[in-house]
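Chain by chain, the residues:
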Amino acid sequence: MNENISSESCDPLPMQSTVTLNVTDKDVYGEDTYNPFEHRNVLHPTSTLGSFFHLLKSSLGSGLLAMPAAFKHTGLIPGCIGTALVGVIATHCVHILVSTSREICSHCRVSSLSYTDTCEKVFKHGPHNLRKYSQIVRHFADYAMAGVCLGGTSVYVIFIASSLKDICDHFNPNYTFTVKEYCGFLLIPLIVLTQIRHLKFLVPFSLLANICLLLTFVITCIYTFSDLKDISTVKLASSPTQWPLFLSTAIFAMEGINVVMPVENEMKKPQHFLGCPGVLNVTMVLVAVLYAVLGMFGYLKYGDDVKGSITINLPQDEILALTAKVMVATAVYFTYCLQMYAPMDIIWSRIKDSMKQKFHNIGQIILRTISVALTVILAVAVPDLELLIGLVGAIFFSTLGLFIPIVVETVHKWDRDLGKFKYILWKNTLLLLFYLLVLVSGC
C-alpha cells in the first residue's frame, strides 16, 4: 500500500513538549522497525542503471555548451580547479538533502518525500520556534523550483535566438536582426508550444530534443578537438575579479537537484543512490570530467573569442556546423516546453482553487501566456547569453541547489546531532558563505 506523504501525516510534537531528539533516537535515523525503502510501492520502479542515466541527463544540457565561455573568465588552471570544487559542493548538497529526506521519512513513517515535502516536514518537526514557518518554507521551496525553471527557460530563449541569428545572418546578410528582435519573434511559437498541458504528449518532443542535442555535442567535439591552438595563446589564470561569473555559470550548468528526489524516490534499489560508488557519486564525477574537458579544450580552441554557447563559434559556411546550429536551436526549443511543465504545474496548483471550474481552461491559457512572456522579457532585458546564464545561476540555481539543502540539514540536525564539535554547523556556515559569494558577486 502506498504511504501517505501529505502534510497531515506525522503530526508534530505538541508545542509544550520538552522532548529533545538526539542521536540515540532510532526512529529518526531509520534504525527502528520502520524502513522507508521497505514500504515504497512504486508501480514502475527504475533500475540503478536507469536512474544513473536519468540523473546524467538532468545534469548534461545546454549548460555544457557554455563551459568554454566560463573558462574564459578564470583561465585553464582555476577553471579545472573550480569545476572540481563546484562539482564537490553540488554533490555534497544533493547528498545532505537526500540523507535528510530519508531520516525525516523514518521519523514520520512515510515511504518517500518530495523536495518540497522534505523542506516542510524538516521545519514541522524541527526546533519549536521554527515549526510555525513550515508552510512558508514549503511555498519558498516551491517558488524556488519554479524560479529555476523559469530562469532556465529565459536562458533557452537566448540560446535559440542567438543560434537563429547566426544561421539567418549567414543566409541573409543584407537583412540582419538583433538578438532582442529574434527573442520577440520567438514569443508566439513558444506560447503555442507551451499550451501542451499533459506530460505524455511531450514525450516525442523530449526524444527529438535528446537526439538533436546528442548530435550537436558530437559535431561540436569534432570541431573543438581539431586544430587546437598552442597553450601559450590562452590564459593559464585570469584576474580573480572575473572568477564569480565562472562560479555562477558552472552552478547553472551542473545543478540538477530539481530532479534528484523524483529519481531517488522511484529507484528499485534506492540504497544504491548514495554511498561509494553510488549513482550520485558516479554521475557527478562523470559530469565534472565532461564539463572540465569541454570547457578546457573549447577555450583552447577559440580563446577569448569563445561565445556564450560554443556552437556560435562554429563556422558559418560549413554544412556540418550549420547542421549543429539548427539542431541545437531545435533541441532547446523543444526542451523549453519540458522545462516549463514543472513551474506551470506548481503555480497552477496554487491559483486554480481561487477561480470557478468553467474558467480553468482560459486561466491555464492566460497563465502560460504570461509566463512565456516573462521569460522572453527577461531574455530581452539581458540579451547577453553569458551574463544571463551567470545571473540565473547566481540567483535561482544556487538558491535551490545550495541554500535550501544547507538550511534544511542545519534545522534538521539542530536538536538531534550536529556532530563532534558541532562540525555540521561550521561546515554549513562555510557553505552558506560560499552561496552568498556566488549570489552577490554573480549578480
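A brief structural summary. (Residues numbered from 1 in each chain as written. Predicted model: local features only at pLDDT ≥ 70, side-chain atom pairs only at ≥ 80, totals over all residues. Heavy atoms only, no water.)

As for the nonpolar core
And then number 1: Grouped together as the largest cluster of nonpolar side chains are 112 residues, with contacts concentrated most on Tyr-115 and Phe-273.
And then number 2: Looking at this core, the element that brings in the most residues is helix H11 (residues 319-351), giving 15 residues.
And then number 3: Ignoring any residue separated from it by four or fewer positions in sequence, one finds Tyr-115 in contact with Leu-97, Ala-141, Met-145, Ile-257, Met-261, Leu-400, Ile-404 and Pro-405.
And then number 4: Formed by 5 residues, the second largest nonpolar core is a distinct cluster that contains Ile-104, Cys-108, Val-110 and Leu-113. (Core = buried A, V, L, I, M, F, W, Y, C linked by side-chain atoms within 4.5 Å. Buried < 20%, exposed > 50% of the residue type's maximum accessible area, 1.4 Å probe, protein only. Helix = DSSP H or I, 4+ residues; strand = E, 2+ residues; numbered from the N terminus. Contact = heavy atoms within 4.5 Å.)

Digging into the packing of helix H6 (residues 179-194) against H11
And then number 1: It is at 9 Å that the axes of H6 and H11 come closest, and there the two elements cross at 50°. Here H6 is positioned oblique relative to H11, judged by the angle of their axes. As H6 packs across H11, the resulting crossing turns out to be right-handed. Contacts from Pro-189, Leu-190, Leu-193 and Thr-194 in H6 reach Tyr-333, Phe-334, Tyr-336, Cys-337 and Met-340 in H11.
And then number 2: Partitioning the contact of H6 with H11 into residue classes produces 8 nonpolar, 1 polar and no charged. (Axes fitted to C-alpha atoms, helices over the stretch in contact; angles between N-to-C directions. Parallel < 35°, antiparallel > 145°, perpendicular 65-115°, else oblique. Left-handed = near helix turned anticlockwise from the far one by under 90°. Nonpolar A, V, L, I, M, F, W, Y, C, P; charged D, E, K, R; others polar.)

Focus on the layout of surface pockets
And then number 1: The space that makes up the second largest pocket amounts to roughly 240 Å³.
And then number 2: What lines the second largest pocket is simply Ile-158, Ser-162, Lys-165, Asp-166, Val-179, Lys-307, Gly-308, Ile-312, Pro-383, Asp-384, Leu-385 and Glu-386.
And then number 3: Take the lining of the second largest pocket: its biggest share by element is 4 residues, from helix H5 (residues 134-171).
And then number 4: Per-class residue counts for the lining of the second largest pocket are 5 nonpolar, 2 polar and 5 charged. (1 Å grid on protein atoms, 1.4 Å probe; cavity = no way out; pocket = protein on both sides within 12 Å on 5 of 7 lines; lining within 4 Å. Points joined across faces, edges and corners; volume = space filled by probe spheres on them.)

What about the environment of Val-155?
And then number 1: Among the secondary structure elements, Val-155 is positioned in helix H5.
And then number 2: Using a relative accessible area of 0% as the deciding quantity, one classes Val-155 as buried.
And then number 3: Separated by 259 residues in sequence, Val-155 and Trp-414 have C-alpha atoms that sit 38 Å apart.
And then number 4: Non-local contacts of Val-155, meaning those with residues more than four positions away in its chain, are made with Phe-252, Leu-385, Leu-388, Ile-389 and Val-392.

What to know about empty space enclosed by the protein
Taking a probe equal in size to a water molecule and rolling it over the atoms shows the remaining empty space.
And then number 1: The tally for this structure, following the rule as stated, stands at 2 cavities of 30 Å³ or more.
And then number 2: In this structure, the largest cavity spans a volume of roughly 60 Å³.
And then number 3: Along the walls of the largest cavity sit Leu-55, Ser-59, Ala-90, Val-94, Met-254, Glu-255, Gly-256, Ile-257, Val-260, Leu-280 and Met-284, which together make up its complete lining.
And then number 4: Elements supplying a minimum of two residues to the lining of the largest cavity: helix H1 (48-59), helix H3 (76-108) and helix H10 (279-302).
And then number 5: When its residues are assigned to classes, the lining of the largest cavity shows 8 nonpolar, 2 polar and 1 charged.
And then number 6: Its boundaries defined by the atoms lining it, the second largest cavity holds a volume of some 40 Å³.
And then number 7: In terms of lining residues, the second largest cavity is bounded by Ala-66, Ala-69, Ala-70, His-73, Thr-249, Gly-308, Glu-386 and Ile-389.
And then number 8: Those elements that place two or more of their residues in the lining of the second largest cavity are helix H2 (67-72) and helix H13 (385-414).

Things to note about the side chain of Thr-249
And then number 1: Relative to the helices and strands, Thr-249 resides in helix H8 (residues 243-254).
And then number 2: With sequence-adjacent residues up to four places away left out, Thr-249 is seen in contact with Ala-66, Ala-70, Ile-389 and Gly-390.

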